Amino acid sequence: MTERREYVFPVRVYYEDTDAAGVVYHANYLRFAERARTELLRAMGIDHRTLLTEDGIMFAVSRCETDYVKPARLDDLLEVRTSFARATGASFWMEQEIRRDDEMIADLKLRLVCIRPDGRPTRLPDAVRELAASDPTQTNH
C-alpha cells in the first residue's frame, strides 16, 4: 500500500497478452486489474478461498467502466494501482489505474457485489467494509 492507500501491483506484458501488432488486447487489461484486486485483498488478510469456504460468499463485478487511454505493448512493465472508493451494504467500489511510468494506460472504475453461491446478494464482510470506509481516498460515484 502507498501513502494514498493504493495497492501497487506490477505486471509485465508478455507475448500472450498481445495481439498480432504487439499491443495488449483490450480484455487483458481486465485480467491485470482482477489480479491486482485479488492481491490487494490478500495483502489485507482477505482471500477468496476462505471467503467462499468459511463465509459462503464471493465477489462479482457488477459494473466496470474502462477508459483505454494509451496502448501498452509487448515487454512493457506496468503498474496497476488499486484503491477502494466506498462501500455500502452489499457492494463496494474500487478505482484502478494501469500505468506505464507516469503515463496513464487505462482507467477503471468498478462496482463489486458480495454474493452467496446461489447468486443472491449478501452483506459485505466487516473487514471489507472497514477497508473501504477507512480509505482517505474515498470518492462518490
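In case you missed it, the structure is sitting above this.
Because the structure is a prediction, the values reported are computed rather than measured. (Residues numbered from 1 in each chain as written. Predicted model: local features only at pLDDT ≥ 70, side-chain atom pairs only at ≥ 80, totals over all residues. Heavy atoms only, no water.)

S.K.: Would you explain the sheet that holds strand β2 (residues 58-68) in this entry?
M.R.: Note: strands within a sheet are paired through backbone hydrogen bonds, in either parallel or antiparallel orientation. Pairing within the open sheet is antiparallel, and its five strands lie in the order β1-β3-β4-β5-β2. Of all the strands in the sheet, just β1 (7-12) and β2 have a single pairing partner and so form its edges. Across this sheet, the average inter-strand angle for adjacent strands is 25°, counted without regard to direction. Relative to strand β4 (residues 91-100), strand β3 (residues 77-87) is paired through eight bridges, and the arrangement is antiparallel. Note that in β4 the partner of S83 across the bridge is E95. Sheet contacts for helix α3 (residues 126-133): β2, β3 and β4; angle to β3, the most-contacted strand, approximately 100°. (Pairing = 2+ DSSP bridges. Helix = DSSP H or I, 4+ residues; strand = E, 2+ residues; numbered from the N terminus. Axes fitted to C-alpha atoms, helices over the stretch in contact; angles between N-to-C directions. Contact = heavy atoms within 4.5 Å.)

S.K.: Before we go on, may I ask you to explain the pattern of salt bridges in this structure?
M.R.: As a working rule, side chains carrying opposite charge can pair if their charged atoms are close by. Within the structure shown, the criterion is met by 13 salt bridges. In this structure, the salt-bridge partner of R63 is E65, at a minimum N-O distance of 3.6 Å. With a shortest N-O distance of 3.4 Å, K109 and D107 are connected by a salt bridge. You can call D107 buried: its relative accessible area is 17%. A network of salt bridges, in which partner residues are shared, links K70, D76, R100 and E103. (Salt bridge = Lys/Arg side-chain N within 4 Å of Asp/Glu carboxyl O. Buried < 20%, exposed > 50% of the residue type's maximum accessible area, 1.4 Å probe, protein only.)

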